[in-house]
Amino acid sequence: MKCYYGRIMAVKGVSLSVNPEEIVCLIGANGSGKTTLLSAVCGLLPDWTGEMEFFEQSLKGMEPPAVVRSGISLVPEGRLIFPPLSVLDNLKLGAYTMYKKKAADTVKKDLEYVTGLFPVLKERFDQPAGTLSGGEQQMLAIARALMARPKLLLLDEPSMGLAPMIVERIMEVLEVLRKRGITIVLVEQNALAALEVADRGYVFETGSVVLQGSADELLADKDVKRAYLGKDYGDFYDAV
Amino acid sequence: MQEILQYLFSGITNGAIYAVIAVGFSMLYSSTELINFAHGEFVMLGALSMVTLAAGFGWPLVPAFVLTVAAVGMAGLLFERLAIRPVRQPDHIVLIIITVGASIFLRGLGMLIWGKDAYSMQPFSDHPPIDVAGAKLLAQSIWILVIVMALTAGLHLFYRRTLTGKAMSACAVSKKAAWIVGIPTKWMVLLAFALATAMGAVAGAIIAPVTMSSYDMGTVLGLKGFCAAMLGGLGSLWGAILGGFLLGILEALGVGFVSSGLKDATAFVLLLLVLYVRPQGIIGSAEVKRF
Amino acid sequence: MNATAKTMTDNAALLEIKGVDKKFGGVNALRDIGFCLNQGSITGLIGPNGAGKTTLFNLITGVFPADRGEIRFKGRPVNRCRVHELVRLGIARTFQNVELFENMTVLENILVGLHTRTKCGMLESMLRFPRTIREEKKAMTRATELLEFVGLQKYMHQRSSDLPFGWQRLLELARALAAEPGLLLLDEPAAGLNMSETRELGELIKQIKDQGITILLVEHDMSLTMSISEKIVVLDQGKKIAEGPPRTVQSDETVMAAYLGKAKK
Amino acid sequence: MILSAKWRTVLTAAAVAVFMVFSQVCLAEASGDNYKIGGIFSVTGPASFLGDPEKKSMNLAIEEINEAGGVDGRKLEAVIYDTEGDPSKTVTSVGKLINKDRVTAIIGPSRTPTTLAAIPRVQRAELPFISCAAGNKIVEPIKPWVFKTAQSDIQAVASIYKHIKQKGIKKVGIITVANAFGESGKEQLQEQASDFGIAVVRSESFGADDTDMTAQLTKIRQEDPGAIICWGTNPGPAVVAKNIKQLDIKTPLYMSHGVASPKFIELAGKAAEDILLPTGKILVADLLGEDDPQKQVLSNYIEAYESRYNETVSGFGGYAYDAVYLLASAMKGTGGDKEKIRENLENISNHPGISGVFNFSKTDHNGLDPSAFVMVRIKNGDWKLVE
Amino acid sequence: MGDRSQKIIYAVFVLAVILLGWGIDNAYYLQMLIFIGINTLLALSLNMLMGYAGQISLGHAAFYGIGAYVTAILTATYQVPPLLSLPAAVCMAMFVAWIVGIPTLRLSGYYLGMGTLGFGMIVHIVFREWSSVTGGASGFVGIPPLTAGPLTFDSERHYFFLVWTVVLLAIIMCRRIIDSRVGRALRAIHDGEKAAAAVGVDTKKLKLQVFVLSAGMAALAGFLYAHLIYFISPGTFGFVTSIRIVTMVVIGGMASIWGSLFGASLLTLLPEWLHAFSEFEMVVYGLILMTVMIFLPRGLTRGLLDIYERYRKNNDR
């Protein structure tokens, strides 16, 4: 079993693949095309060419509801929770496709499971989601995505704007999830934190993959730093 | 004192009607960011269907009411499918003109079906007016209030308790976020249309006994409802209810203490003041949107 | 590190930022930011996502006022100035996502850029006085010059939205230059450009600097930022964490940590 | 590129504009040997309850006259346009009638504002013009070419006040609709009150589309008037009647002739009981004595209208019916000469019509006196003559 | 740019006006053309505001009404010569626009629409209720025909030339504004208010200016209307008219001067043609409006051009 992402024009012909039950992280500076790629996978962007397959099923022309039903959930950048709704309602909406599959019983179990992962959420069930702190909101966003029982979980910048402690906690949860058999694609700017949990990584620069390899290899590679902080001062024009 | 009470009764009755119409506007706006200028015409369809079924065909009230609301809701559904969804460039001004076109079309249709005359029908119950400290409260007013309250409570429960209701509010909060979690937003929009127009039909059906219904009654009611929705805050259920009652009561007091000729002016001056001071409406908190 | 900034102040500061705070609904977007931009220099403003670069940008360009602190341009406080007043004073900007007037031609875009440098009001345009015509001619010449500078003179009469993205960037740059700014703020000018386009842009920015225009650059493309900036200011989570010449900043521990995250093990 | 795109825009627009204009020109018809009579009524729009029966009555009258051999052997031909109650539309329609259809005379419009908008044009075109609207401004001051057949508010108000005075009531409250009809009624009510020794203690208004008038009525009730007079056209007054019953106000309620149609009783239902109003004799035609000069005309009209259109006769169609007959009799022997028709119209006397017996003169272009009205009371859902 | 072609267009336009003016003997057609002219002015005025500056107004009939009522009151009640009442009417409307514009133009989107709508309603109610001055709901009678020195515009032909001269001048003015510094700034506001401010356009001031200008033009149309019909009543200046003006602009094509002319012509003539449908008139009218907007959202002028272009491309292939 393998899932492939084919060539995508918007991000200049990227090809990559993710194996089941692994954590793959996509790192790179802002605007390097990581988020665009995730949006395309989820069906948010209709304009892409190339091929994308998930468990040998093409994702071409699928709209987000269908993508979610097929087992891919996205934790979007900026979380996109529903602030006026309660935490519980947010979670229940995450299970919208499950309810529609007439699997209301499993929803209850899932609810217990995700609140087991993030006990904070249980304490705040009835609060409007907008009143949560940033870290709690991020947890809620992940929990909400899990409610749809994804086989593949896509996370876009889960560490953005969060304290290191919370980032650590979230990364721990990702490892737990992987053990439960969920495949994870992690888009991160915080490369070190991401590479620590990931099995493999791809480094993006201006819309294409410039490096790929196992997490350990990448951690050791100096070029990773280059992708973020640029070549040394002066090298640039010398190269011209 | 007795007069003030009487003004209040009058205001509350009208206000309740404005409120239901405003809820229709608000509901549609929160799901689609569209102002339906044909909404008043759906009120007209509701009123005239109710009169026809109840007074014309002599149906009992309940089935007549249910059929009216369901039929107009269906009309709203058709409206979305035929006139709103095919729009190639869903620019706000374009959508406004389409709904204006729809309002003219529906008015014309109403005239073809029911002719140019006005119709009236019996109140829901034949109870004499109730005397409260010398002021008279109509039985129909109580009916209207009860129905409006039941409806509000129902909507509140729908939004709070049912998955579909929650999904609709989620759509209203952020269409993208709703889409990501797998909520079929297009269906939600369709549902919003059906519900909003059904709301209009309810308004029409409950006022049919207190006033005269004719094919051209919709424009003014639509405008007042729009006004009320704006007053309370576009996109908020409670804002619409509050705006409706506020508008109705202030109009009645305006008649009582200012001048009956300036009654409508009272409403619009109030509206302008609210817009200038607090453009998001009394309850609304949504950011002021632009075209 | 903050000390290094002071030592660099050779020329007069064109823009001074002192102790600026900005809150959004309880969240501190910026906390106690302060630095100077020297006349005729290129300064890079960098930092990870959500560091507050855009907020700072918006404060300098007058989109909203600072909660606390002071911003001085040419020695004059500009905290409360509205956007268009700042342009008149000489602060011009470009946008991250390129905000061109899409329904207008390339030439017209530049002519709008000349807005602050021309005067004719509505009545004058209606009656078309000789002065109006003269002014229009002058504006036209100037616009053509600017288009030549960025190399778009051939496409004057095309709709701006029909240009390829890279050229749209150049057009926006030319439009900002039309306002004859003393300070030019560039918000991610290289985003969406390919390598060679980025190089050309770098050259262009240097040329602009050589005309005596001070530049503040927010850019993720580090190759570009590091190679043309004389000074780099680094923000993280609303705070300034470093300031200095590129080489120093590149090897700064705090900066590394902010970008790459802290190593756990 | 740009230049040519612009050119095409202009050319398209120009071509379409020219096409639109000329397609109209080509449609212009040649006039035959018939006398063309123009009709402009608000067949749709808020005053359609007036315009619709007027249009039908005009057609009816013309058919009748043609069946009887026409005028001097020449047939009449009706050209009718809809004003929608809108002054600008009226002006274009009048222009169309005068210049395109080249009619001999014009009948209508149904409402006072539209009539006032039409007057300057017909005056200039020197065309006999018989309005079907109630407003007194139409014939006051006298304009040579302008006549009207509808009873004026003056006579209606006079009839009501006469009745109130007989009952010994001194104070009245009035509630009028906020449009031209209501306003003109209000003016007359306030002007004539002192002539009858009556005081108007409270004057309120309501919007034509209002759904509830209890607030206004509450305000009137505070003044404790001896009678309430409501001046409006359907459906507003029906709401007023209902509200008065609901507020349990026992004061006698008078209505204007604007609601003199069975539709009002249908709308107001039980609330219509005991309401008093002045009306042309048409509503009570069968109650009139055989000696009444209008009896014959009325029963003929009612029978013809009801069998032709299969609906109950309304109180308003008669205005147009009268206008056609008045015009036809004035046209006799003129050969279509407009000045002669005008003179003949001014000399008509003792012409029994639907709305009354017409006696036109140089100083009276309405030709009706208060006897055109009878007071009726609504009893058991029907009209009863009040002595 | 296109200076010469513009001159040719104007020449064609003048020629067309002269030809139509002399060629048409039937006063009815002249009258229709006069109405088209007045409506073109209205559409043009709103197009400046809505099409070019991107600010919607659902109460434009108010300014139309102010123009008509001011001249009516001045000329009929106070016997002021129309030549003097013209500036008074226009200035009055502009003044009101200025006062109202300051708070209203801060709003945007539906809120701006609602604000202008409310303003329009209030003005309409004032016309209706202030009967001692405006004649109230029954309308204002006795407006004199237009005279200017030795000229009297009391025949359709004269009025036709007057109105279309005004329209031509208005078109030239608008064209000039649009092609000028101010006009470019306006269009810039429409394309992106943020970016416009960022290049130094005082968006607030400019929006207010164009609102005032637009009000003045609408008042001019009102002035012409009053002296054409000699009678005005509040009903002409209500909500329905405001919406009709918006419809003219949108159907004709936003931000297109010739589109205004086209939209105004179409919406003036359409009801005349639809009379053939009698009872079905409203239904057909509504349907046409909806269909045009659904399939040609950029308005008829642009839409038809697009279709023509597509057709040509297909044929070339």
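Note that the structure is predicted; figures quoted are calculated from it, not measured.

S.K.: Help me understand the packing of aromatic side chains in this model?
M.R.: Geometry of an aromatic ring pair is reported as the spacing of the ring centres plus the angle between the planes. Evaluation of the coordinates by the stated rule reveals 33 aromatic pairs over all chains. Between Tyr 69 of chain E and Phe 237 of chain E the ring centres are 5.9 Å apart and the planes differ by 70 degrees, which places this aromatic pair in the edge-to-face class. Highlighted residues: Tyr 69 of chain E in helix H3 (residues 61–77) and Phe 237 of chain E in the loop between strand E4 (231–232) and helix H11 (239–252), separated in sequence by 168 residues. Taking the relative accessible area as the measure of exposure, Tyr 69 of chain E reaches 2% and is therefore buried. Members of the aromatic cluster, joined through ring pairs, are Phe 13, Trp 22, Phe 160, Phe 161, Trp 164 and Trp 258 of chain E. The ring of Phe 82 of chain A carries the charged tip of Arg 144 of chain A above its face, separated from the ring centre by 5.0 Å. For Lys 96 of chain D, the ring lying beneath its charged end belongs to Tyr 81 of chain D, and the centroid distance is 4.3 Å.

S.K.: What is the right way to look at helix H6 (residues 163–173) of chain B in this model?
M.R.: Count 3.6 residues to each turn of an α-helix, and residues three or four apart come out pointing the same way. Counting buried residues in H6 of chain B gives eight out of eleven residues, a clear majority hidden from the surface. Within H6 of chain B the residues assigned to the buried category are Leu 163, Gly 165, Lys 166, Ala 167, Met 168, Ser 169, Ala 170 and Cys 171 of chain B. For H6 of chain B, the secondary structure elements touched by its buried residues are helix H3 (87–94) and helix H4 (96–100) of chain A together with helix H1 (2–32), helix H5 (139–161), helix H7 (175–180) and helix H8 (185–207) of chain B.

S.K.: When you look at the pattern of salt bridges in this model, what are you seeing that I'm missing?
M.R.: Where charged atoms of side chains with opposite charge meet at close range, the side chains can pair. Here the structure, examined in full by the defined rule, presents 47 salt bridges over all chains. One salt bridge in this structure joins Asp 131 of chain B and Lys 136 of chain B, with 2.9 Å as the shortest N-O distance. Owing to a relative accessible area of 48%, Asp 131 of chain B belongs among the partly exposed residues under this scheme. Under the relative-accessibility criterion, Lys 136 of chain B is labelled buried at 11%. Here Lys 281 of chain D makes a salt bridge to Asp 292 of chain D, at a shortest N to O gap of 3.3 Å.

S.K.: Would you explain the domain arrangement of chain D in this entry?
M.R.: When the parts come together, some accessible area is lost, and that loss is often what is quoted as the size of the interface. Residues and elements named next belong to chain D. Domain boundaries assigned for chain D yield domain 1 (34–151 + 292–370) and domain 2 (153–279). Each of domain 1 and domain 2 has a C-alpha centre, and these two points are 29 Å apart. In this complex, domain 1 contributes 15 residues to the contact, which on the side of domain 2 involves 16 residues. Both faces combined, the contact of domain 1 with domain 2 buries some 1,100 Å², and carbon together with sulfur accounts for 57% of it. For the interface between domain 1 and domain 2, the tally reads zero salt bridges. Counting across the interface, domain 1 meets domain 2 through one residue pair in polar contact (both at pLDDT 80 or more). Each residue belonging to the side of domain 1 that touches domain 2 can be placed in one class, and the counts come to eight nonpolar, five polar and two charged.

Conventions adopted
- Residues numbered from 1 in each chain as written.
- Chains lettered and ligands numbered in written order.
- Predicted model: local features only at pLDDT ≥ 70, side-chain atom pairs only at ≥ 80, totals over all residues.
- Heavy atoms only, no water.
- Phe/Tyr/Trp six-rings, centres within 6.5 Å; stacked < 30°, edge-to-face > 60°.
- Helix = DSSP H or I, 4+ residues; strand = E, 2+ residues; numbered from the N terminus.
- Buried < 20%, exposed > 50% of the residue type's maximum accessible area, 1.4 Å probe, protein only.
- Lys NZ or Arg CZ within 6 Å of the ring centre and 35° of its normal.
- Contact = heavy atoms within 4.5 Å.
- Salt bridge = Lys/Arg side-chain N within 4 Å of Asp/Glu carboxyl O.
- Domains from an automatic or database assignment.
- Buried area = accessible area lost by both parts, 1.4 Å probe.
- Polar contact = N/O pair within 3.5 Å; in protein donor to acceptor, adjacent residues only side chain to side chain.
- Nonpolar A, V, L, I, M, F, W, Y, C, P; charged D, E, K, R; others polar.

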